[in-house]
Amino acid sequence: MSHRDPVIFQIGWNACINCGACVAICPQEAGFISDFDTIAVGRPCDIACMLCEDICPVTTITHREVQKFQIDEINAA
Amino acid sequence: MPSTYDIVVIGSGPAGATTARVAAENGLRVLLVDKRQELGAPIQCSGAVSRHALEEVGVPITEEFIQEPIYGFGIYDHQGSASIIDYRQMKPDEYGTGDGKKPLGYVVDRRRFDRYLMTLAERAGVETWLKTEGLGYTPNGSDSCEIRLRRFNEDITVKAKVLVGADGLQSQVGKWAGLRTHIKITELASCLQFVVDRVETSGLLEIITGHEWAPGGYAWVFPKGHGYAEVGLGVICTMTDKNAQWHLDHFLQRSFFKERFADSRILEIQGGGVPLAAPLRTQYADHLILVGDAARHVNPITGGGIHTALSGGLIAGRFLAKFLTTGQPATAGNLKSYQDAWLEKLGDKMWQLYEEKTQIFRTNDLEERDRQLYRTMSSYFHPESEYKKI
């Protein structure tokens, strides 16, 4: 696994075809999913393996890096 | 007091609905839940299934879900040379459209097919809840487990002796139990297909091999009924730096079929992850088993999962009915026999197919790999193939 900073995924919903491949490849524990049955958005992924981005047939998953100290703020919000 | 069932099944696809139906037919009290409002959608599958697979599990073959009958296969190498396996010509007395003749299989409408399978379960006495999501489960001593559900925003806890995870490749149920469900990126094909108008088909499932068109997987052209076709492909993303969408455009515009596709119009867009992988090594835990895609009951060479889901559902439903009458606790140790039964009937052959597939993609020489894949696909679909019924 990577040693990168955690990331927050963003999904371009316009291109998402709800294929579920991102969830299928995701090594996170149960429940790391969005309300639209994709990988979770809006909360940090500390694995940051990016496999969901790789498997997406329409390349509509992107991410931004978050520093570890920012995660507490996000979770608090 | 929570309602108590013999089994609760999460996910009403072919595997879940069949497990539920067979269990109810054999006297169990069954609850079948699905988070969706309409089954089958969003479609993540091309819908090809053999007639044998339907007959074997007692699913009546009806107009309600059939989109087009299938009579054989066309397997293409990367340049377009084909081996045509048309049962109408090979066994004309058995296969065809005339009296007493039958198709080899069908392309089904997954929305209607999945709904029909749930209907069969419901008619067999299964209680069915849509818009019901599974949230978690807790084994409760040796007797039963508690399953937390959310149905139309209401949190409900039910009890069951066994929870059946039939929640697909994205299975959360397997993760609840801590099973090793993770799939390797090299074994999950990224798939995209278009349902198109103005592409001719002739009752054959056409499979196009070759690294140039679908690195790590294959491309397909399937008849979809009403003059429509499905054109799609799956790729392994470690074998290409382009996505499935790029490869499908490339296939439509550059392949030896480009003239055939020249007037095509896209009517639907669908995608999915298709495992070209081995079955899960452990498909059971305390008070829990997995079936279908959740247990990775998918043919690792073709990526076909409907037949294996139906057959697996039959095995699971029968097993549970028999097991629960013995009064033994549904511990992981006792539920191992489910997996043993499944391995004996289907799984061992799937492991062999997996080895064969792995061997092909271990070949670094692309030309040799293309040759091997074409040869394997051609012999796989041949009437004499030992894997015919997987």
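Residues numbered from 1 in each chain as written. Chains lettered and ligands numbered in written order. Predicted model: local features only at pLDDT ≥ 70, side-chain atom pairs only at ≥ 80, totals over all residues. Heavy atoms only, no water.

**Description of the overall build of chain A**
Helix and strand counts for chain A come out as three helices and two strands. Reading the helices (α) and strands (β) of chain A from amino to carboxyl end gives β-α-α-β-α. Here the C-alpha atoms of chain A give a radius of gyration of 12 Å, agreeing with the 11 Å that 2.2 N^0.38 yields for 77 residues. Among the 77 residues that make up chain A, the fraction classed as buried is 48%. Partitioning the intrachain contacts of chain A with sequence separation of at least 6 by distance along the chain shows that 67% fall at a separation of at least 24. For chain A, the exposed surface amounts to about 4000 Å²; the carbon and sulfur share of it is 48%. Of the side-chain charges in chain A, 4 are positive and 10 negative, and the distance between the mean point of each set is 3 Å. (Helix = DSSP H or I, 4+ residues; strand = E, 2+ residues; numbered from the N terminus. Rg over C-alpha atoms; globule rule 2.2 N^0.38 Å. Buried < 20%, exposed > 50% of the residue type's maximum accessible area, 1.4 Å probe, protein only. Contact = heavy atoms within 4.5 Å. Areas by Shrake-Rupley, 256 points an atom, 1.4 Å probe, with all protein chains shown as cover. Lys, Arg positive; Asp, Glu negative; His and termini not counted. Charge placed at Lys NZ, Arg CZ, Asp CG, Glu CD.)

**Examining the packing of helix 1 (residues 14-25) of chain B against helix 8 (residues 306-325) of chain B**
Residue and element names in this part refer to chain B. At their nearest, the axes of helix 1 and helix 8 sit 7 Å apart, and the two run at 30° to each other. Comparing the axis directions of helix 1 and helix 8 gives the class roughly parallel. As helix 1 runs across helix 8, the sense of the crossing is right-handed. The residues of helix 8 that touch helix 1, namely those facing Pro14, Ala15, Thr18, Thr19, Val22 and Ala23, are Ile306, Ala309, Leu310, Gly313, Leu314, Ala316, Gly317, Arg318 and Leu320. (Axes fitted to C-alpha atoms, helices over the stretch in contact; angles between N-to-C directions. Parallel < 35°, antiparallel > 145°, perpendicular 65-115°, else oblique. Left-handed = near helix turned anticlockwise from the far one by under 90°.)

**Considerations on the UniProt feature "domain: Digeranylgeranylglycerophospholipid reductase catalytic" (unreviewed entry) in chain B**
Here the UniProt-annotated "domain: Digeranylgeranylglycerophospholipid reductase catalytic" (unreviewed entry) positions come out as residues 189-274 of chain B. For residues 189-274 of chain B, the helix share is 17%, the strand share is 45%, and the end-to-end C-alpha distance is 5 Å. (UniProt positions renumbered as here; feature names shortened; annotations may be inferred.)

**Considerations on the interface of chain A and chain B**
Opposite the 23 residues of chain A that make contact, chain B presents 25 residues. Across the chain A to chain B interface the summed buried area is about 1800 Å²; carbon plus sulfur atoms make up 62%. For chain A, the biggest contributors to the area lost against chain B are A:Ala24, A:Ile55 and A:Pro57; these three give 26% of the whole. Linking chain A to chain B there are one salt bridge. A:Asp37 is paired through a salt bridge with B:Lys35; the nearest N and O atoms lie 2.7 Å apart. Seen at the junction of chain A and chain B, the total is twelve residue pairs in polar contact (both at pLDDT 80 or more). Secondary-structure elements contributing two or more residues to the side of chain A that touches chain B are helix 1 (21-25) and helix 2 (51-55) of chain A. (Buried area = accessible area lost by both parts, 1.4 Å probe. Salt bridge = Lys/Arg side-chain N within 4 Å of Asp/Glu carboxyl O. Polar contact = N/O pair within 3.5 Å; in protein donor to acceptor, adjacent residues only side chain to side chain.)

**What about the packing of helix 9 (residues 332-362) of chain B against helix 10 (residues 366-380) of chain B?**
Residues and elements named next belong to chain B. Relative to each other, helix 9 and helix 10 sit at 155°, their axes nearing to 9 Å. Taken together, the axes of helix 9 and helix 10 lie roughly antiparallel to each other. Where helix 9 approaches helix 10, its residues Leu353, Glu356, Gln359, Ile360 and Phe361 are matched on the opposing element by Arg369, Gln372, Leu373, Thr376 and Tyr380. Here the contact of helix 9 with helix 10 is built from residues that sort into five nonpolar, three polar and two charged. (Nonpolar A, V, L, I, M, F, W, Y, C, P; charged D, E, K, R; others polar.)

**Thoughts on the sheet that holds strand 5 (residues 72-76) of chain B**
Residues and elements named next belong to chain B. Here we have seven strands laid out as an open sheet, ordered 6-5-13-14-15-12-16, and mixed in their pairing. A strand with exactly one partner marks an edge of an open sheet, and here the two such strands are strand 6 (82-86) and strand 16 (265-275). Each adjacent strand pair in this sheet contributes to an overall mean axis angle of 15°, direction not counted. As paired strands, strand 12 (residues 188-197) and strand 16 are joined by ten bridges and run antiparallel to one another. Of the residues in strand 16, the one forming a bridge with Cys191 is Gly272. (Pairing = 2+ DSSP bridges.)

**Considerations on a nonpolar patch on the surface**
Taken together, the side chains of A:Trp13, A:Phe36 and A:Val41 present a nonpolar region at the surface, about 290 Å² in accessible area. Among the structural elements, A:Trp13 can be located in the loop between strand 1 (7-11) and helix 1. (Patch = residues over 30% accessible without salt bridge, like charges linked within 9 Å, V, L, I, M, F, W, Y side chains within 5 Å.)

**Points about helix 1 of chain B**
Residue and element names in this part refer to chain B. With twelve residues, helix 1 should reach 16 Å at 1.5 Å per residue; the first-to-last C-alpha distance of 16 Å fits that figure. With eleven of its twelve residues buried, helix 1 lies for the most part within the structure. Those residues of helix 1 that fall on the buried side of the exposure criterion are Pro14, Ala15, Gly16, Ala17, Thr18, Thr19, Ala20, Arg21, Val22, Ala23 and Ala24. In this fold, the buried residues of helix 1 make contact with strand 1 (4-10), strand 2 (30-33), helix 4 (110-123), strand 11 (154-165) and helix 8. Taken from the residues just after helix 1, Gly27 is the one with a positive phi, measuring 95°. (Expected span 1.5 Å × (residues − 1).)

**Section: the domain arrangement of chain B**
Residues and elements named next belong to chain B. Segmentation of chain B into domains returns domain 1 (4-41 + 109-182 + 279-351) and domain 2 (66-107 + 184-276). Distance between the C-alpha centres of domain 1 and domain 2: 30 Å. Taken together, the contact between domain 1 and domain 2 spans eleven residues of the former and ten residues of the latter. Across the domain 1 to domain 2 interface the summed buried area is about 750 Å²; carbon plus sulfur atoms make up 58%. The tally of links from domain 1 across to domain 2 stands at zero salt bridges. At the boundary of domain 1 with domain 2, the tally comes to one residue pair in polar contact (both at pLDDT 80 or more). (Domains from an automatic or database assignment.)

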